[in-house]
Amino acid sequence: MAKTKITIPEILATKHNGKKFKMITVYDYPMAGIVDRSAAELILVGDSLGMVIQGHDGTVPVNMEDMIYHVKLVRRGAPNTFVVGDMPFLSYQVNKDEAIRNAGTLLKIGADCVKMEGDFKIANTVKAVVDAGIPVMGHIGLTPQTAAMMGGFKVQGKSSEAAEKLLQDAIAIDNAGVFAMVLECMPAGLCKLITERVKCATISVGGGGDCNGHNLNAYDLVGIFDKFVPKFVKQYAQMGQQMVDVFDTWCKEIDDGTFPEEKHCFTMNDEDLKRLY
């Protein structure tokens with residue numbers, strides 16, 4: 001029996017009912033279909049596709065056209081899962097009107113909400129998008145779009161001063177109207193404090209176990225993407241190597257003549273075949 005898509009009120013209810021919701025990052029139709037058959041309630045179509053799918057070193061090269069393409073694929077594959085569409089770099093930073101237009105585009109093609117990275121400086125833009133009737137998920141801590149300004153992909157909020165800033169960023173984004181917020185690569189104690197202080201639901205990406213939900217990338221979970229494996233990732237399989245083994249076995253069977261077998265071939269009537277000779 002197909003699952004029922006989770007709603008924003010149900011996500012917010014996790015602030016009080018103790019349940020943990022799960023979000024898996026995927027980018028295409030077959031992977032989305034697999035998540036749709038799982039217990040995970042949300043899918044993030046992340047601009048991390050710049051690294052995982054396109055082979056870049058970061059997310060900055062990803063544009064709206066990329067996100068539109070991948071959100072469409074995921075929506076088709078996961079009709080019963082809440083889909084979060086990432087707002088790529090420069091799709092919301094220029095001005096509020098452009099932010100509303102781009103966010104609205106992602107909703108029109110199937111996203112259930114959009115995600116916007118940034119600290120207190122984007123609070124007014126977030127509010128404008130929310131006021132336009134578009135649900136927004138925030139994202140603070142390690143924000144890949146601006147990782148260069150942070151000195152790379154590093155843990156954020158380790159000092160008391162940095163932690164205080166992140167707390168104030170969280171409160172500002174929360175007050176702007178987000179219904180949920182990703183807390184990425186931050187100390188667990190700080191994420192617990194933020195979860196207690198904000199009205200929205202919080203989502204841990206390397207933020208410890210006290211957030212209201214968790215997010216990991218499907219390619220990390222199953223061990224397909226191995227260019228780098230963050231500390232907060234737990235790999236439950238090594239499917240990348242398993243796939244290599246499958247490909248090698250197929251190649252070997254072609255070389256030794258055991259593939260294809262008769263059951264893999266189409267046949268025709270012997271009399272019809274004879275007429276061709």
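Residues numbered from 1 in each chain as written. Predicted model: local features only at pLDDT ≥ 70, side-chain atom pairs only at ≥ 80, totals over all residues. Heavy atoms only, no water.

Novice: Sorry if this is basic, but what is going on with the overall build of the protein chain here?
Specialist: For the protein chain, the count of helices and strands is 11 helices and 8 strands. Judged by the C-alpha coordinates and their principal axes, the protein chain covers about 80 × 35 × 35 Å. Burial statistics for the protein chain: of 277 residues in total, 47% are counted as buried. Across the protein chain, the fraction of contacts at a sequence separation of at least 24, relative to all contacts at a separation of at least 6, is 60%. Just so you have it, the protein chain exposes about 14,600 Å², and 58% of that area is on carbon and sulfur atoms. Across the protein chain, the mean location of the 29 positive side-chain charges is 8 Å away from that of the 34 negative side-chain charges. (Helix = DSSP H or I, 4+ residues; strand = E, 2+ residues; numbered from the N terminus. Buried < 20%, exposed > 50% of the residue type's maximum accessible area, 1.4 Å probe, protein only. Contact = heavy atoms within 4.5 Å. Areas by Shrake-Rupley, 256 points an atom, 1.4 Å probe, with all protein chains shown as cover. Lys, Arg positive; Asp, Glu negative; His and termini not counted. Charge placed at Lys NZ, Arg CZ, Asp CG, Glu CD.)

Novice: I'm lost on the UniProt feature "binding site: Mg(2+)" (unreviewed entry) in the protein chain in this one. Help?
Specialist: UniProt's feature table lists "binding site: Mg(2+)" (unreviewed entry) at Asp47, Asp86 and Glu117, given in the numbering used throughout. For this annotated set, covering 71 residues, all C-alpha atoms fall within 10.7 Å of each other, a compact arrangement in space. As for its placement among the helices and strands, Asp86 is situated in strand β3 (residues 82-86). By relative accessible area, which is 2% here, Asp86 ends up buried. Excluding residues that lie within four positions of it along the chain, Asp86 makes contacts with Leu44, Val45, Gly46, Asp47, Met67, Leu106 and Lys115. (UniProt positions renumbered as here; feature names shortened; annotations may be inferred.)

Novice: Would you explain the domain arrangement of the protein chain in this entry?
Specialist: How large an interface is tends to be reported as the accessible area lost when its parts come together. According to the domain assignment, the protein chain contains domain 1 (6-237) and domain 2 (239-273). Distance between the C-alpha centres of domain 1 and domain 2: 42 Å. (Domains from an automatic or database assignment.)

Novice: It is not clear to me how the packing of aromatic side chains should be interpreted in this structure. Could you clarify?
Specialist: Aromatic rings considered in pairs are described by the distance between their centres and by the relative angle of their planes. Throughout the structure, instances matching the rule amount to 3 aromatic pairs. Seen in terms of ring centroids, Phe82 and Phe179 are 6.1 Å apart; in terms of plane orientation they differ by 65°. Their pairing is edge-to-face. Note that Phe82 is positioned in strand β3 and Phe179 in the loop between α7 (160-176) and β6 (180-184), a separation of 97 residues in sequence. Since its relative accessible area comes to 4%, Phe82 is described here as buried. Between the aromatic rings of Trp250 and Phe259, the centroid separation amounts to 6.3 Å while the plane-to-plane angle is 65°, which identifies the pairing as edge-to-face. Under the relative-accessibility criterion, Trp250 is labelled partly exposed at 45%. (Phe/Tyr/Trp six-rings, centres within 6.5 Å; stacked < 30°, edge-to-face > 60°.)

Novice: Would you take a moment to explain the nonpolar core for this structure?
Specialist: Across soluble globular proteins, nonpolar side chains have a tendency to be buried as a group. Core analysis: the biggest nonpolar cluster contains 55 residues, and Val26, Ile140 and Ile194 have the highest contact counts within it. Ignoring sequence-local partners within four residues, the contact set of Val26 consists of Met31, Ala32, Val35, Ile43, Leu44, Val45, Gly46, Val74 and Ala218. (Core = buried A, V, L, I, M, F, W, Y, C linked by side-chain atoms within 4.5 Å.)

Novice: Sorry if this is basic, but what is going on with the side chain of Lys15 here?
Specialist: Residue position: Lys15 is located in helix α1 (residues 8-17). In this structure Lys15 is buried but unpaired, with Asp174 as the nearest side chain of opposite charge at 7.2 Å. Only 3.0 Å separates the side chain of Lys15 from the backbone oxygen of Val198, close enough to count as a polar contact. Ignoring any residue separated from it by four or fewer positions in sequence, one finds Lys15 in contact with Thr195, Val198, Lys199, Cys200, Ala201 and Asn212. (Salt bridge = Lys/Arg side-chain N within 4 Å of Asp/Glu carboxyl O. Polar contact = N/O pair within 3.5 Å; in protein donor to acceptor, adjacent residues only side chain to side chain.)

Novice: I keep staring at the sheet that holds strand β2 (residues 42-45) and nothing clicks. Help me out?
Specialist: Strands belonging to one sheet form pairs held by backbone hydrogen bonds; the direction of such a pair is parallel or antiparallel. Strand order in the closed barrel made by the 8 strands is β1-β2-β3-β4-β5-β6-β7-β8, with parallel pairing throughout. Direction aside, neighbouring strands of the sheet carry axes that sit 25° apart on average. Pairing between β6 and strand β7 (residues 201-205): 5 bridges, direction parallel. The partner of Ala180 across the bridge, within β7, is Ala201. (Pairing = 2+ DSSP bridges. Axes fitted to C-alpha atoms, helices over the stretch in contact; angles between N-to-C directions.)

Novice: Looking at this structure, how should I read a nonpolar patch on the surface?
Specialist: On the surface, Val60, Phe89, Leu90 and Val94 cluster together to form a nonpolar patch covering roughly 330 Å² of accessible area. Locating Val94 in the fold gives a position in the loop between β3 and α5 (96-108). (Patch = residues over 30% accessible without salt bridge, like charges linked within 9 Å, V, L, I, M, F, W, Y side chains within 5 Å.)

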